[in-house]
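# Reading the structure
One letter stands for each residue in the lines below.
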Amino acid sequence: MTAILMPTRASPAPAAAPARLPAPSAPVIRADGSNWRDLRACRDADPDLFFPEDLASTPAGRAQRAEAKRVCRPCPVREQCLALALAERHNDGVWGGLDESERRSLKRRTRRSMPA
């Protein structure tokens, strides 16, 4: 099985984080033969938009992160994208409308809410 790559480069008003982790990454090829990645809102966007060099430390980085999230907000496959990022441990960039710190926070909240 090959790795699924979403907006990436060789080698990022905040969206509300879901209250739970999305289900494990959906199959790339759906039952109807389509690829869910073909539906992503970012398919024509510059991948560098999602990976600001200075994600939170500069006004330009914050503005770029906000623009990436704006692209993600109406995306019909946002949850699949987020699930992919979590399952494949993508630590950099904006995936499924969440940046690095928001994904870490989501993982922590989910771990805390799970029964021991």
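Residues numbered from 1 in each chain as written. Predicted model: local features only at pLDDT ≥ 70, side-chain atom pairs only at ≥ 80, totals over all residues. Heavy atoms only, no water.

## Overview of the nonpolar core
- The biggest cluster of nonpolar side chains holds 15 residues, and the ones touching the most others in it are Trp-36, Leu-49, Phe-50, Ala-68, Val-71, Val-94 and Trp-95.
- Within the residue set of this core, elements represented by two or more residues are helix 1 (59–72) and helix 2 (78–87). (Core = buried A, V, L, I, M, F, W, Y, C linked by side-chain atoms within 4.5 Å. Buried < 20%, exposed > 50% of the residue type's maximum accessible area, 1.4 Å probe, protein only. Helix = DSSP H or I, 4+ residues; strand = E, 2+ residues; numbered from the N terminus.)

## Let's talk about the environment of His-90
- Structurally, His-90 can be placed in the loop between helix 2 and helix 3 (100–113).
- Distance from His-90 to Glu-100, taken between C-alpha atoms, is 8.5 Å for residues 10 residues apart in sequence.
- In contact with His-90, other than residues within four places in its own chain, are Leu-84, Ala-85, Trp-95 and Arg-103. (Contact = heavy atoms within 4.5 Å.)

## So, the environment of Ala-63
- As for its placement among the helices and strands, Ala-63 is situated in helix 1.
- Separated by 11 residues in sequence, Ala-63 and Pro-52 have C-alpha atoms that sit 9.3 Å apart.

## Remarks on a positive patch on the surface
- Residues Arg-104, Arg-108, Arg-109, Arg-111 and Arg-112 make up a contiguous surface patch of positive charge.
- Inspection of the secondary structure assignment puts Arg-112 in helix 3.
- We classify Arg-112 as exposed; its relative accessible area is 64%. (Patch = residues over 30% accessible without salt bridge, like charges linked within 9 Å, V, L, I, M, F, W, Y side chains within 5 Å. Areas by Shrake-Rupley, 256 points an atom, 1.4 Å probe, with all protein chains shown as cover. Salt bridge = Lys/Arg side-chain N within 4 Å of Asp/Glu carboxyl O. Lys, Arg positive; Asp, Glu negative; His and termini not counted. Charge placed at Lys NZ, Arg CZ, Asp CG, Glu CD.)

## Here's the deal with unusual backbone geometry
- The phi torsion at Arg-89 lies on the positive side, around 55 degrees, for a residue other than glycine.
- Mapped onto the elements of the fold, Arg-89 is located in the loop between helix 2 and helix 3.

## Some remarks on the state of the cysteines
- Going through the model one piece at a time under the given rule, you end up with 0 disulfides.
- The structure places no disulfide on Cys-72, whose sulfur is separated from the nearest cysteine sulfur, that of Cys-81, by 6.2 Å.
- Its relative accessible area of 10% is what places Cys-72 among the buried residues.
- We note that Cys-81 lacks a disulfide partner, and the nearest cysteine sulfur, in Cys-42, lies 6.1 Å from it. (Disulfide = S-S within 2.5 Å.)

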